[in-house]
Amino acid sequence: MMTVLAAPSSQEMKLAVMLADIALVLVSGALLGRVAQRLRQPAVVGEITAGILLGPSVLGLLPGHLTDRLFPADVRVLLSSVSQVGLVLFMFVVGWEFEKRLIRPHAKLAASVSISSIALAFGLGFALAVVLYPHHSTVRGHEIPFTAFATFLGTAMSITAFPVLARILAENKLLGTRVGTLSLASAAIDDVLAWCLLAYVSALVAADGDYGDLAHIGALSLVYVAGMFLVVRPLAARLAWRWAAAERWPLLLSVLCAGALASAWLTTWIGIHAIFGAFLFGFVMPREPAELLVRHIRRPLDNMAMVLLPVFFIVTGLGVDLGGLSGGDFVALLAIVAVACAGKLIGAVVPARLAGLSWRETKDLGLLMNTRGLTELIILNAAVSLGVLDGRMFTMLVVMALVTTAMAGPLLSRHRPDPAPAGTGATPDTVDPVAGLSRPHA
């Protein structure tokens, strides 16, 4: 007697399509990432490109609406949820791997380079916002305040992607050089300032122009930060030592992942973006016992994040619609790329040159500080979720992130910089590169 199988429900089909899409994402991301690496580019460039190729900009132009068939709108929501889990875990690891020892050997010069490049890029971005705002002031039928739009655009211009920068240094054999260690230290400071700026923009948008609400969010944020340092940090240190001695690694891993997700939820509830919570939770994590934590906790977390992050890259690429840009938008895109490059290049070159670095080194430093990559994509997706960016502006800023990241590798000098002159505080062996350099997608 033949058994008739029940037809799958619509919910089951959604899940099945999502699983097939993830399989497609992993394969296409791996292939394009490999191609990018062969072209001396970070894998993230290939993975974002894969998303753009699968999206409306390329595949969507072919007959049959292939992009919509492969990635239906209701399935994209599920893919976005999966990508956010990977993003939270990644930001947790980024915060955990942040090393103050990167900054100590040349803190003064690194701070000068970082603050100068951020200040100039932010100022130029804010000024550009005056021109762009009238054309992008309405998102999803809601008019966004100019202050929120301009502050975010300035923040987007100010980014330096620490993980991508680390990969570029490793691939160009610049890790042990003066310009390599200085750029790492400056980018580390940039990362912290970038998350603080994003937290401010998130609070500004959540308050919706009400300064009473903004003050309330600010007060809650201060309580949250104080709690992380005064309560969570010592508690996590005690748990790490106790459970490490008892070799309860699966339990510790589960608790830390739960803590990162809970911290991300808490910052969202407060009114600042979830990735800030994940980053700060990682930042307050204990660094000892170092070898055991790296082997049993951080590497498994890295692996989990690296499997899920390509979904984030592809989802980002699917949101890019080059066909939706008009002639005026391409002029605006050129202006965005020019302002982004000028702000970071000039802002990094001037203090480095005043400190005695050669022109070749200052040029390399400027190029390295101009890489935006993954960090920029995180900021842009946060802005979309906050309702600060429309589709056209999102597309232009993703293209800017790709251009500024891709230009670094080919334009870097192919020989080692000169020995450090007296007074710069940078020597080839002052910094041991961070563990995050091993991350393939960064």
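Bear in mind that the values here come from a model prediction, so they are computed numbers and not experimental data.

### Thoughts on the overall build of the protein chain
Phase 1 of the analysis: Secondary structure assignment for the protein chain yields 17 helices and two strands.
Phase 2 of the analysis: Considering only contacts within the protein chain whose residues lie at least 6 apart along the sequence, 84% involve residues at least 24 apart.
Phase 3 of the analysis: Carbon and sulfur atoms make up 69% of the accessible area of the protein chain, which amounts to about 18600 Å² in all.

### Looking at unusual backbone geometry
Phase 1 of the analysis: Even without glycine at this site, Arg 140 takes up a positive phi of about 55 degrees.
Phase 2 of the analysis: Topologically, Arg 140 is positioned in the loop between β1 (138-139) and β2 (142-143).

### Considerations on helix α16 (residues 391-406)
Phase 1 of the analysis: Counted at 1.5 Å a residue, the expected span for α16 with its 16 residues is 22 Å, and the 22 Å between its end C-alpha atoms agrees.
Phase 2 of the analysis: Within α16, 12 of the 16 residues are buried, which leaves it mostly tucked inside the rest of the structure.
Phase 3 of the analysis: Listed in full, the buried residues belonging to α16 are Met 393, Phe 394, Thr 395, Met 396, Leu 397, Val 398, Val 399, Met 400, Ala 401, Leu 402, Thr 404 and Thr 405.

### Remarks on a nonpolar patch on the surface
Phase 1 of the analysis: Together, Ile 346, Val 350 and Leu 354 make up a nonpolar patch on the protein surface, roughly 310 Å² of accessible area in all.
Phase 2 of the analysis: Mapped onto the fold, Val 350 is located in helix α13 (residues 327-354).
Phase 3 of the analysis: Look at Val 350 and you get partly exposed, because its relative accessible area is 43%.

### A look at the pattern of salt bridges
Pairs can form between side chains of opposite charge once their charged atoms are near each other.
Phase 1 of the analysis: Taken as a whole, this structure holds seven salt bridges when the rule is applied.
Phase 2 of the analysis: Across the pair Lys 14 and Asp 74 runs a salt bridge, and its minimum N-O distance is 3.9 Å. With Lys 14 in helix α1 (residues 10-38) and Asp 74 in helix α4 (residues 73-97), the pair connects residues that are 60 residues apart, well separated along the chain.
Phase 3 of the analysis: With relative accessibility at 28%, the residue Lys 14 sits in the partly exposed group.
Phase 4 of the analysis: When salt bridges with common partners are traced through the structure, they connect Asp 329, Asp 390 and Arg 392 into a single cluster.

### Some thoughts on the packing of helix α12 (residues 290-318) against helix α15 (residues 373-386)
Phase 1 of the analysis: Across the interface, α12 lies against α15 with an axial gap of 11 Å and an inter-helix angle of 65 degrees. The two elements α12 and α15 meet at a crossing, and its hand is left-handed. Along its contact with α12, which presents Leu 309, Phe 312, Phe 313 and Thr 316, the element α15 presents Leu 374, Leu 377, Ile 378 and Asn 381.
Phase 2 of the analysis: Of the residues contributing to the contact of α12 with α15, the split by class is six nonpolar, two polar and no charged.

### Side note on the packing of helix α2 (residues 43-54) against α12
To describe two helices that pack against each other, one gives the angle between their axes and the distance between the axes.
Phase 1 of the analysis: Two elements in contact, α2 and α12, have axes separated by 7 Å at closest approach and are oriented at 45 degrees. In terms of axis orientation, α2 runs oblique to α12. α12 is crossed by α2, and the crossing has right-handed handedness. The segment α2 lies against α12, with Val 44, Glu 47, Ile 48, Ala 50, Gly 51, Ile 52 and Leu 54 engaging Pro 310, Phe 313, Ile 314, Gly 317 and Leu 318.
Phase 2 of the analysis: Across the contact of α2 with α12, the residue classes break down as nine nonpolar, two polar and one charged.

### Observations regarding the side chain of Thr 362
Phase 1 of the analysis: Examined against the element boundaries, Thr 362 turns out to sit in helix α14 (residues 359-369).
Phase 2 of the analysis: When sequence neighbours within four positions are dropped, the list of residues in contact with Thr 362 reads Val 349, Ala 352, Arg 353 and Leu 357.

### Focus on the packing of aromatic side chains
Phase 1 of the analysis: Evaluation of the coordinates by the stated rule reveals eight aromatic pairs.
Phase 2 of the analysis: A centroid spacing of 5.7 Å and a plane angle of 55 degrees characterise the contact between Tyr 133 and Phe 149, whose relative ring orientation is tilted. Here Tyr 133 is found in the loop between α5 (107-132) and β1, whereas its partner Phe 149 is found in helix α6 (residues 146-158), with 16 residues between them in sequence. The pair Tyr 133 / Phe 149 is uniform in exposure class, with both members buried.
Phase 3 of the analysis: Ring plane angle 25 degrees and centroid distance 6.3 Å describe the contact between Phe 279 and Phe 283, whose orientation is recorded as stacked. Of this pair, Phe 279 and Phe 283 both sit in helix α11 (residues 274-283), four residues apart, roughly one helical turn.
Phase 4 of the analysis: On the accessibility criterion, Phe 279 (4% relative accessible area) is buried.
Phase 5 of the analysis: Of the aromatic side chains, those joined through ring pairs into one cluster are Phe 122, Phe 126, Tyr 133, Phe 146 and Phe 149.

### Focus: the confidence of the model for the protein chain
Phase 1 of the analysis: When the pLDDT values of the protein chain are averaged, the result is 81; 88% of them are 70 or greater.
Phase 2 of the analysis: Taken element by element, the protein chain is modelled with least confidence in helix α7 (residues 162-171), mean pLDDT 75, and with most confidence in α13, mean pLDDT 92.

### Describing the environment of Gly 366
Phase 1 of the analysis: Among the secondary structure elements, Gly 366 is positioned in helix α14.
Phase 2 of the analysis: What makes Gly 366 buried here is its relative accessible area of 0%.
Phase 3 of the analysis: Linking Gly 366 and Val 350, residues 16 residues apart in sequence, is a C-alpha distance of 9.4 Å.
Phase 4 of the analysis: With sequence-adjacent residues up to four places away left out, Gly 366 is seen in contact with Leu 345, Ala 348 and Val 349.

### As for the environment of Val 164
Phase 1 of the analysis: Along the chain, Val 164 falls in helix α7.
Phase 2 of the analysis: Assessed through its relative accessible area of 0%, Val 164 is described here as buried.
Phase 3 of the analysis: As a C-alpha pair, Val 164 and Val 44 span 120 residues in sequence and 8.0 Å in three-dimensional space.

Conventions and cut-offs
Residues numbered from 1 in each chain as written. Predicted model: local features only at pLDDT ≥ 70, side-chain atom pairs only at ≥ 80, totals over all residues. Heavy atoms only, no water. Helix = DSSP H or I, 4+ residues; strand = E, 2+ residues; numbered from the N terminus. Contact = heavy atoms within 4.5 Å. Areas by Shrake-Rupley, 256 points an atom, 1.4 Å probe, with all protein chains shown as cover. Expected span 1.5 Å × (residues − 1). Buried < 20%, exposed > 50% of the residue type's maximum accessible area, 1.4 Å probe, protein only. Patch = residues over 30% accessible without salt bridge, like charges linked within 9 Å, V, L, I, M, F, W, Y side chains within 5 Å. Salt bridge = Lys/Arg side-chain N within 4 Å of Asp/Glu carboxyl O. Axes fitted to C-alpha atoms, helices over the stretch in contact; angles between N-to-C directions. Left-handed = near helix turned anticlockwise from the far one by under 90°. Nonpolar A, V, L, I, M, F, W, Y, C, P; charged D, E, K, R; others polar. Parallel < 35°, antiparallel > 145°, perpendicular 65-115°, else oblique. Phe/Tyr/Trp six-rings, centres within 6.5 Å; stacked < 30°, edge-to-face > 60°. pLDDT = per-residue confidence, 0-100.

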